[in-house]
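Topology and contacts: notes
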Amino acid sequence: MKAFTYERATAIDAAVAAGRNPGARFIAGGTNLLDLMKVEVEKPAHLVDISRLPLRGIAETPDGGLAIGALVSNTELAAHPKVRERYPMLARAVVNGASAQLRNQATTGGNLLQRTRCPYFYDVSKPCNKRMPNSGCSALQGVNRMTAVLGGSDACIAAHPSDMAVAMMALDATIETKGGNKDGRRLPVADLYRLPAETPQHETNLEDGELIVSVTLPPPPTGRQTYRKVRDRASYAFALVSVAAILDVDGDRKVRSARLALGGVGTMPWRAHDAENGMAGAEADGKTFATAGAVAVAGAQGRGGNDFKIPLAKRTVARTFADLAAPPSKD
Amino acid sequence: MPVSPLLTRRLLGTTALATAVATRVHAQTLETQTAAAPPPPFPGNIDMQLDVNGRQYQLSFDPRTTLLDALRDHIGLTGTKKGCDHGQCGACTVLVNGVRMNSCLSLAASRDGDKVVTIEGLADDGKLHPMQTSFVHADAFQCGFCTPGQICSAIGMAAELKRGVPSAVTVDFAAQPTASIEEVRERMSGNICRCAAYPNIVAAIISATQGTPK
């Protein structure tokens, strides 16, 4: 690990000011940043520890939504009664990520900003445009089973690793920041992320020193919701494909509204608006759900090792909606 | 003045080597520390306090030091194991303010003032913690390297269950989860056992969790 200087921020303003120092990075749970520092993918000159800032609350908003402090741990987020009751998709996404120990440490803000687990990003002996711009992408011709089939470019096909962020995308969450040029703003979580294009090193639209302080969920949409994750082992593994789905069916078994976001397949958490729009008003049946799956991955590009993700995503979407359309049983 | 075995065997050896100075806050050990004339701390070292197993430690070290390295190399508590050092194996699991965490993925500096419990701090006056006893009775290990992490993790897991924290296999999020085989396997997936003593580990945890008064 490269040497760095360390300070602990005691107030948000002070944290933001410290974050403006050259080479400064915020650290909260540290489960991803510290790991990357150990392999020297990340080499911050200065760490601003924000873990003691008063951002651990979860509060109801006047309109019936939920405001989640950026430092709420993944465990506390999933365990919160309001999250479990009204946003079960989010709770389920969170408990499907990482291990219990990591969820106790990892924060809501940090989870949104976690980096890809593409092995070439981690391996400093290999070219990687994300880690070292213009060095090339080793995954294009390399071991790319875990990489993205949506949103990639010839510069980068690294998959976004988060489960939580996929649910946040489906729920139309908004983040609130402090610092940056505007000294704080609100932006939809969908606008937080960037596609890699020619500059995969820029993963988000946050500015240097801009700090996420909270994430707001609007009131839960009508319908049943869930999160399904398909992975190589039953627990503690990144997604091959994951699906966050919400389905509202009317009395005539027609789709009133649907939402769909996918994980494991995109270079960012992937919202499938076209698939959602195509479902509105259609019969809530297997054909509609299969079509939704096909539309969701229209334009997907396999790179060999990850070709299987395209049919797997189609089927996972169809199966997840079918489960939601079935009469309520246990969930 | 009596010197604790901990201080002589572990700590003084470590300080002689160098990056850190650890001082027990007790008056007698402070005197011992002065007598040992530790090397001056490097510029940029950070000072902090840690409560480990009920004892107060005043520490000064390089900011790169993880909680795991602070425990093992600076305080001398080597019961907590370094497996992968990347948060994947769980061997380094300790309880921080009662919550299980991977000590390898936490900067020690971030834990200033926190209460840490390691495998060495579980027994009460020589009497094993019920989870330890249960691991012994169920023969829940082979080589034992992962065991300190497994036991600390299991104790943290039991507290999470009691608080109603859901898991990926919890079907009904409104109901109180129980220590079923399926739940324990899922909740302990952050602790790897390369001897594959899993069946007995699960049995030990279920036995201890059900046997512990709630």
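Residues numbered from 1 in each chain as written. Chains lettered and ligands numbered in written order. Predicted model: local features only at pLDDT ≥ 70, side-chain atom pairs only at ≥ 80, totals over all residues.

Side note on the overall build of chain A
For clarity, the cut-off: Where helices and strands are cited, they refer to DSSP runs of H or I of at least four residues and of E of at least two residues respectively, numbered from the N terminus. C-alpha atoms define the radius of gyration in this analysis, and the globule rule sets the expected value at 2.2 Å times the number of residues to the power 0.38. Three exposure classes are used, all based on how many other C-beta atoms lie within 10 Å of a residue's own C-beta (placed from the backbone): buried at 20 or more, exposed at 12 or fewer, and partly exposed between those limits. Two residues qualify as being in contact provided that their C-beta atoms, derived from the backbone, are within 7 Å of each other.
Within chain A one finds 13 helices and 12 strands. Expected size for 331 residues packed as a compact globule is a radius of gyration near 20 Å; at 20 Å, chain A falls within 12% of this value. Projected onto its principal axes, the C-alpha positions of chain A cover 60 × 50 × 35 Å. Looking at chain A as a whole, 55% of its 331 residues are labelled buried. Long-range contacts, defined here as pairs at least 24 residues apart, represent 65% of the contacts in chain A between residues at least 6 apart.

Quick look at the overall build of chain B
Of regular secondary structure, chain B possesses 7 helices and 6 strands. For chain B, the succession of helices and strands along the chain, N to C, is α-β-α-β-β-α-β-β-β-α-α-α-α. Counting all 214 residues of chain B, 48% fall into the buried class.

Section: the nonpolar core
We apply this condition: For this entry, the nonpolar core is defined as buried Ala, Val, Leu, Ile, Met, Phe, Trp, Tyr and Cys residues connected by C-beta atoms within 7 Å.
The biggest cluster of nonpolar side chains holds 154 residues, and the ones touching the most others in it are A167, A170, A244, L260, L262 and A296 of chain A. Apart from the residues within four sequence positions on either side, A296 of chain A is in contact with L260, L262, A272, A275, A313 and V317 of chain A.

What to know about the domain arrangement of chain A
Going by this rule: Each domain's extent is set by a domain assignment, obtained either automatically or from a database.
One can read the domain layout of chain A as domain 1 (5-52) and domain 2 (224-325). Computed over C-alpha atoms, the centres of domain 1 of chain A and domain 2 of chain A are 36 Å apart.

What about the pairing of strand β2 (residues 46-52) of chain B?
Residues and elements named next belong to chain B. Condition: Only strands that DSSP links by at least two bridges are regarded as paired with each other.
Sheet analysis places β2 next to strand β3 (residues 55-61), joined by 7 bridges and oriented antiparallel. Bridge pairing links V52 to R55 in β3. Between β2 and β3, which pair antiparallel one after the other, the connecting turn spans 2 residues, and N53 there sits at a positive phi close to 50 degrees. Pairing of β2 with strand β6 (residues 115-117) involves 2 bridges; the strand directions are parallel. Along β6, the bridge assignment pairs D51 with K115.

Observations concerning the domain arrangement of chain B
Residue and element names in this part refer to chain B. Domain parsing of chain B yields domain 1 (5-121) and domain 2 (130-211). Opposite the 14 residues of domain 1 that make contact, domain 2 presents 14 residues. Elements with a contribution of two residues or more to the side of domain 1 that touches domain 2: β4 (93-96) and β5 (99-102). Among the elements that take part in the side of domain 1 that touches domain 2, β4 stands out by supplying 3 residues, more than any other.

Focus: the environment of L53 of chain A
Residue and element names in this part refer to chain A. Its location among the elements puts L53 in the loop between β3 (46-49) and β4 (58-60). L53 gets classed as buried once you count the C-beta atoms within 10 Å, which come to 21. With 18 residues separating them in the primary sequence, L53 and L71 have C-alpha atoms 7.9 Å apart. Once residues lying within four places of it in the same chain are set aside, the contact partners of L53 are A9, I12, A15 and L71.

As for helix α12 (residues 286-296) of chain A
Residue and element names in this part refer to chain A. Basically, it comes down to this: To be clear, the arc concerns the directions from the helix axis to the C-beta atoms.
Three or more residues of α12 are buried, namely T288, F289, A292, G293, V295 and A296. Considered in projection along α12, the buried side chains sweep an arc of 165 degrees and stay on one side of the axis. The inward-facing, buried residues of α12 contact β11 (255-263), α11 (273-279) and α13 (309-325).

Quick look at the interface of chain A and chain B
Going by this rule: Ten residue types, Ala, Val, Leu, Ile, Met, Phe, Trp, Tyr, Cys and Pro, are classed as nonpolar, four, Asp, Glu, Lys and Arg, as charged, and the remainder, Gly among them, as polar.
In this assembly, 30 residues from chain A lie in contact with 34 residues from chain B. Broken down by element, the residue count for the side of chain A that touches chain B peaks at 5 residues, all from helix α6 (residues 100-105) of chain A. Per-class residue counts for the side of chain A that touches chain B are 13 nonpolar, 11 polar and 6 charged.

Things to note about unusual backbone geometry
Residue and element names in this part refer to chain B. One non-glycine residue, D85, adopts positive backbone phi at about 65 degrees. Note that D85 resides in the loop between α3 (67-75) and β4. Residue class for D85 comes out partly exposed when judged on the 17 C-beta atoms lying within 10 Å of it. One non-glycine residue, D125, lies in positive phi territory at about 50 degrees. Note on placement: D125 falls in the loop between β6 and α4 (130-137).

Details of the sheet that holds strand β5 (residues 66-69) of chain A
Residues and elements named next belong to chain A. Formally: Angular values range over 0 to 180 degrees, each being the angle between N-to-C directions of two axes fitted as lines to C-alpha atoms, with helices fitted over their stretch in contact.
Strand order across the open sheet formed by 5 strands is β4-β5-β8-β6-β7, with antiparallel pairing between neighbours. Only two strands of the sheet have a single partner each, and these edge strands are β4 and β7 (185-188). With strand direction ignored, the average angle separating the axes of adjacent strands in the sheet is 25 degrees. As judged from the 4 bridges shared by β5 and strand β8 (residues 211-217), these two strands associate in the antiparallel manner. Counterpart to A67 in the pairing with β8 is T216. The sheet contacts of helix α1 (residues 12-19) involve β6 (174-178) and β8, and relative to β8 the element is tilted by about 125 degrees.

As for the environment of A159 of chain A
All names here are of chain A. In this structure, A159 sits in the loop between α8 (119-122) and α9 (164-170). Sequence separation between A159 and A300 is 141 residues; the distance between their C-alpha atoms is 13 Å. In this structure, A159 is in contact with T116, C118, M146, T147, A148, G264, G266 and T267, ignoring residues within four places of it in sequence.

A word on α13 of chain A
Owing to its 3.6 residues per turn, the α-helix brings residues three or four apart onto one side. For the record, the criterion: How far a helix is expected to stretch is found by multiplying one less than its residue total by 1.5 Å.
Helix length check: α13 of chain A (17 residues) gives 24 Å between terminal C-alpha atoms against 24 Å at 1.5 Å per residue, within 8%. Those residues of α13 of chain A that are buried are in contact with β9 (224-230), β10 (241-249), β11 and α12 of chain A.

Side note on the packing of α12 of chain A against α13 of chain A
For any two helices packed against each other, the geometry is given by the interaxial angle and the distance between the axes. Residues and elements named next belong to chain A. In plain terms, the rule: Note on angle classes: values under 35 degrees are labelled roughly parallel, values over 145 roughly antiparallel, values of 65 to 115 roughly perpendicular, and the remainder oblique. Should the near helix be turned counterclockwise from the far one by less than a right angle, the crossing is left-handed, whereas a clockwise turn marks it as right-handed.
Contact pair α12 / α13: the axes reach a minimum separation of 8 Å and the direction vectors enclose 140 degrees. As far as their axial angle goes, α13 and α12 are oblique. Pair α12 / α13 crosses with right-handed handedness. Every residue of α13 that contacts α12 at G286, F289, A290, A292, G293, A294 and A296 is listed here: A313, K314, R315, V317, A318, F321 and A322. The class makeup of the residues in the contact of α12 with α13 is 10 nonpolar, 2 polar and 2 charged.

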